[in-house]
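If you want the building blocks of each chain, they are given just below.
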Amino acid sequence: MGGVISGDSPRHSSPASKLEKKMVEAMQQRALKGTSVKSFNSVIMKFPKIDESLRNCRTIFQQFDEDSNGEIDQLELKHCFQNLGIESTDEEIKDLFQACDIYEHMGMKFNEFIVFLCLVYLLNDPAVSEARKRMGLGSLEPTFETLVESFVFLDKNKDGYVSKSEMIQAINETIGGERSSGRIGMKRFEEMDWDKNGTVTFKEFLFAFTRWVGIDNEDDEDDDDEEE
């Protein structure tokens, strides 16, 4: 299921930011609906299908990468919001951009754009769904819903975060309490907990997920090709 997070060290997110509070509140509300996910293994089984679906975002990413430099800057992101029919203030767009530009490159790479789209899916009213469908995002919403449901499954106490003990519990449920389950759970948790504060937000989960299915590694390879 992929290796430990490597490469540049991600920026530590600021505690209790407005955007994080919105994510937590949205996930708490979503948790009230429950989840169809029964085990972490069932999520792993969906990796190939999720991987294929997320890679289909590449065309949409290229639409918004107006200067074709492989990254979406803040102005391009503002145009993205306008095209998706989402009303947001400049401050809200800036907060979301900074949250997704986790390596502080001042530009959203492809894996960061996937995280952005999924956060938009979680945070925004269904009224904008028609605009999303026009941009080709309609077919991606079942995948985003799977990611939301996976996080809800891991968040056993429904507080909007995943703790180390919750991750270990999920792994225990998957592999039947084998002696290695605690070690595996710890490894997966460390891959998700980028700011090392002992809890995982939905955003951190999404970034880890792009690693697990190989999306982020593809970006690294693209960078190497450009350097050659």
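Scroll up for the structure.
Residues numbered from 1 in each chain as written. Predicted model: local features only at pLDDT ≥ 70, side-chain atom pairs only at ≥ 80, totals over all residues. Heavy atoms only, no water.

**Student:** What's the story with unusual backbone geometry in this structure? I'm lost.
**Tutor:** For residues that are not glycine, phi is negative in most cases, and the peptide bond is trans in most cases. Positive phi is not limited to glycine here, since K158 has a value of about 60°. Structurally, K158 is set in the loop between α9 (141-154) and β1 (162-163). One non-glycine residue, K196, adopts positive backbone phi at about 55°. Its place among the elements puts K196 in the loop between α11 (181-192) and β2 (199-200). (Helix = DSSP H or I, 4+ residues; strand = E, 2+ residues; numbered from the N terminus.)

**Student:** Looking at this structure, I do not really get the packing of aromatic side chains. What am I missing?
**Tutor:** To describe a pair of aromatic rings, you give the distance between the ring centres and the angle between the ring planes. Tallied over the full model, the rule gives 14 aromatic pairs. Aromatic side chains F40 and W212 sit 6.1 Å apart centroid to centroid with 85° between the ring planes, which places their arrangement in the edge-to-face category. Of this pair, F40 sits in helix α2 (residues 40-45) while W212 is found in helix α12 (residues 202-212), placing the two residues 172 residues apart along the sequence. For the pair F40 and W212, a shared accessibility class is recorded, and that class is buried. For the pair F151 and F202, a centre-to-centre distance of 5.5 Å together with 75° between the ring planes defines the contact as edge-to-face. Of this pair, F151 sits in helix α9 while F202 is found in helix α12, placing the two residues 51 residues apart along the sequence. Just as F151 is buried, F202 falls in that class too. Ring pairing ties together the aromatic residues F40, F47, F151, F202, F205, F209 and W212, which thus form one cluster. The aromatic ring of F153 is capped on one face by K156, whose charged end is 3.7 Å from the ring centroid. (Phe/Tyr/Trp six-rings, centres within 6.5 Å; stacked < 30°, edge-to-face > 60°. Buried < 20%, exposed > 50% of the residue type's maximum accessible area, 1.4 Å probe, protein only. Lys NZ or Arg CZ within 6 Å of the ring centre and 35° of its normal.)

**Student:** In this structure, what is going on with the nonpolar core? I would like to understand it.
**Tutor:** One broad rule of soluble globular proteins: the nonpolar side chains tend to lie buried together. Within the largest apolar cluster, 66 residues are counted, with the highest numbers of intra-cluster contacts made by L77, F113, F116, M192, F202, F205 and F209. Looking at this core element by element, the count peaks at 11 residues for helix α7 (residues 110-123). Apart from residues no more than four positions distant in its own chain, F209 is found in contact with V43, F47, I50 and L147. (Core = buried A, V, L, I, M, F, W, Y, C linked by side-chain atoms within 4.5 Å. Contact = heavy atoms within 4.5 Å.)

**Student:** Explain the side chain of T146 here, please?
**Tutor:** Looking at the element boundaries, T146 is found in helix α9. Contacts of T146, omitting those with residues within four sequence positions, involve K46 and I50.

**Student:** Explanation requested: the pattern of salt bridges in the structure shown.
**Tutor:** It is possible for side chains bearing opposite charge to pair when their charged atoms get close. If you walk through the whole model with that rule in mind, you get 7 salt bridges. A salt bridge links E92 to K22, with the nearest nitrogen and oxygen atoms 3.5 Å apart. Remark: K22 occurs in helix α1 (residues 18-31) and E92 occurs in helix α6 (residues 90-100); sequence separation between them is 70 residues. Since its relative accessible area comes to 33%, E92 is described here as partly exposed. K22 gets classed as partly exposed once you look at its relative accessible area, which sits at 41%. (Salt bridge = Lys/Arg side-chain N within 4 Å of Asp/Glu carboxyl O.)

**Student:** Teacher, can you tell me more about the packing of α1 against α7 here?
**Tutor:** When two helices pack together, you describe them by how their axes are tilted relative to each other and by the distance separating the axes. Between α1 and α7, the shortest axis-to-axis distance is 9 Å and the interhelical angle comes to 60°. It follows that α1 is oblique to α7 by the angle criterion. The interaxial crossing formed by α1 with α7 has left-handed handedness. On α7, the residues touching L19, K22, M23, A26 and M27 of α1 are L119, L122 and L123. Here the contact of α1 with α7 is built from residues that sort into 7 nonpolar, no polar and 1 charged. (Axes fitted to C-alpha atoms, helices over the stretch in contact; angles between N-to-C directions. Parallel < 35°, antiparallel > 145°, perpendicular 65-115°, else oblique. Left-handed = near helix turned anticlockwise from the far one by under 90°. Nonpolar A, V, L, I, M, F, W, Y, C, P; charged D, E, K, R; others polar.)

**Student:** Even after reading the chapter, I still don't get the packing of helix α5 (residues 74-84) against α6, so can you show me in this structure?
**Tutor:** Packing of α5 against α6 leaves a shortest axis separation of 10 Å and a crossing angle of 115°. Relative to α6, α5 is oriented so that their crossing is right-handed. Contacts from Q74, L77, K78 and F81 in α5 reach D90, I93, K94, L96 and F97 in α6. Class assignment of the residues belonging to the contact of α5 with α6 gives a composition of 5 nonpolar, 1 polar and 3 charged.

**Student:** I keep staring at helix α4 (residues 57-64) and nothing clicks. Help me out?
**Tutor:** Residues spaced three or four apart along an α-helix point in a common direction, a consequence of the helix completing one turn every 3.6 residues. Within the sequence span of α4, burial applies to C57, I60, F61 and F64. End-on, the buried residues of α4 take up no more than an arc of 105°, which puts them together on one face. Against α3 (47-55), α5 and α7 lie the buried residues of α4. (Arc of directions from axis to C-beta.)

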